[in-house]
Amino acid sequence: MKLAVFGTGYVGLTLAACLAEVGHSVCCVDVDADRVAGLSKGLCPIFEPGLPVLLKKGLANAHLQFTTDAARAIDCASVIFIAVGTPPLPDGSADLSQVFAVTDSIARHARDKKVIVNKSTSPVGTVDAIKERLVRHDASLASRLEVVSNPEFLKEGSAVLDCMRPDRILIGGASPATLTLLRDLFAPFSRNHDKFISMDARSAELAKYAANCMLATKISFMNEMANLAEHMGADIEAVRRGIGSDPRIGYDFIYAGCGFGGSCFPKDLSALQRIAEQYDYQPRLLQAVDAINQRQKHRLFEKILDHYDGDLAGKTFAVWGLAFKPNTDDMRDASSQVLLRALWQAGARVRAFDPQAREEARRLFGERDDLRLLDNKEETLAGANALVIVTEWQDFRVLDSELVRQQLLDGVLFDGRNLFEPAQMAAAGLAYYSIGRPDAGTRGGAPA
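Residues numbered from 1 in each chain as written. Predicted model: local features only at pLDDT ≥ 70, side-chain atom pairs only at ≥ 80, totals over all residues. Heavy atoms only, no water.

Close inspection of predicted coordinates is inappropriate for parts of the model with low pLDDT. Counting all residues, the mean pLDDT for the chain is 95, and 98% of those residues have values of 70 or more. Counting contacts from residues 444-448, a segment whose pLDDT is below 50, to residues more than four positions away or on other chains yields twelve contacts. (pLDDT = per-residue confidence, 0-100. Contact = heavy atoms within 4.5 Å.)

This next bit is on the packing of aromatic side chains. All chains considered together, the criterion is met by ten aromatic pairs. Relative to Phe 186, the ring of Phe 81 lies with its centre 6.2 Å away and its plane at 70°, an arrangement referred to as edge-to-face. Here Phe 81, found in strand E4 (residues 79-82), pairs with Phe 186, found in helix H9 (residues 176-186); they are 105 residues apart in sequence, far enough to count as distant. Owing to a relative accessible area of 5%, Phe 186 belongs among the buried residues under this scheme. Between the aromatic rings of Phe 260 and Phe 265, the centroid separation amounts to 5.8 Å while the plane-to-plane angle is 80°, which identifies the pairing as edge-to-face. Here Phe 260 and Phe 265 have matching classes, each one buried. (Phe/Tyr/Trp six-rings, centres within 6.5 Å; stacked < 30°, edge-to-face > 60°. Helix = DSSP H or I, 4+ residues; strand = E, 2+ residues; numbered from the N terminus. Buried < 20%, exposed > 50% of the residue type's maximum accessible area, 1.4 Å probe, protein only.)

Within the structure shown, the criterion is met by one cavity of 30 Å³ or more. Estimates place the volume of the largest cavity at around 60 Å³. Per element, the largest residue contribution to the lining of the largest cavity is three residues, and it comes from helix H10 (residues 201-232). Residue composition of the lining of the largest cavity, by class: two nonpolar, five polar and three charged. (1 Å grid on protein atoms, 1.4 Å probe; cavity = no way out; pocket = protein on both sides within 12 Å on 5 of 7 lines; lining within 4 Å. Points joined across faces, edges and corners; volume = space filled by probe spheres on them. Nonpolar A, V, L, I, M, F, W, Y, C, P; charged D, E, K, R; others polar.)

Counted according to the given criterion, the structure contains zero disulfides. We note that Cys 28 lacks a disulfide partner, and the nearest cysteine sulfur, in Cys 27, lies 6.9 Å from it. For the unlinked cysteine Cys 264, the closest cysteine sulfur is that of Cys 213, found at 11 Å. (Disulfide = S-S within 2.5 Å.)

Moving on to the layout of surface pockets. Computed from the structure, the second largest pocket encloses a volume of approximately 1,300 Å³. Along the walls of the second largest pocket sit 47 residues, with Gly 9, Tyr 10, Val 84, Gly 85 and Arg 332 positioned nearest its centre. Of all elements in the fold, only helix H1 (10-21), helix H5 (97-109), helix H12 (265-278) and helix H16 (358-365) reach the threshold of two or more residues within the lining of the second largest pocket. For the lining of the second largest pocket, the class distribution of residues is 18 nonpolar, 15 polar and 14 charged.

Next comes the structure, spelled out in structure tokens:
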């Protein structure tokens, strides 16, 4: 099929590359001419495993192209995907200006029948709003342009695999003919069993928010239990194993830590709260999930401050991990941002390493005397008082405890992702603090 994808961000670019990989002809549209020029040369602007290979392959076989010319892309496509950003407004609601800008462009340039597929994470009622906007341009568009919802469920770090082998493909508001068309389009991604779930558009839009908010709820619940465990003398890892063995609960998303971030969970939590309030409903659970997460992002700093009796001035901290999760360079709403700013405000310095987020950190923080962004994790240890682990990169899971103990001035490790066993860290001569687990070692300086 001939397809147009508006937006070359995380969702749009991954979608386009995967559709091109299975043989569709895809034209991607973006207003950023520099971005389009780079993509046309095979330069991938985001870190996502497997995506650069698909990008270069799609360009080489001419299944994938990039343009700023919306009219050309719309004219040749039978299906148009809207995959632009819906960033949060100051009040937390979703900004639909980019979605509506694409809608206006389609209304101006569409000459024959098209199917418009909204993949942008959008408030309930967005498909209806797009339809109304099209009709305001030209009443005849109602009979020529069909608008459906097809929410994305990609995970950063495994987006290509998620796109090629999705758990489900939700289609909201499609006529029988369009549902058949989309089944054919996505057939290469639904070969081993039928993954299509058809529903009305509003239900599909809510399903996207509900999925992310459910996962966020599991994380915040576990962090709440971890905080209780610290007060009660329990070990959250033992608790996790105890409840995860129940198949009704499972082990996914029940790891305690220093809070979640990224481009999806925090934004969608906030947006769904604003949507609920528009219907005069107070979403108490969502508010609690959000509040717990905001508080949890401060737990590492609180533990550091407590260990050093409130005096961090002049101290240096090695920080491993800046991205909000492994296998991405995304630092949006990352716990590392909260920690670093708190350390700097307290007069401390930071020596940090992340396998992918170094340039993003430089863009966010700029050049400053109290931040060194280093080439490897070992370099961060030199001259540091303590080590803080914020992101659970695979490379961080095996610790050279002797090197860490020798390099750190105070021999203290603050583990925001519970990567290690407290008893093993104590045996290695380190003071060890984690989330919801017993502390190991002594307070106030070098361990015993």
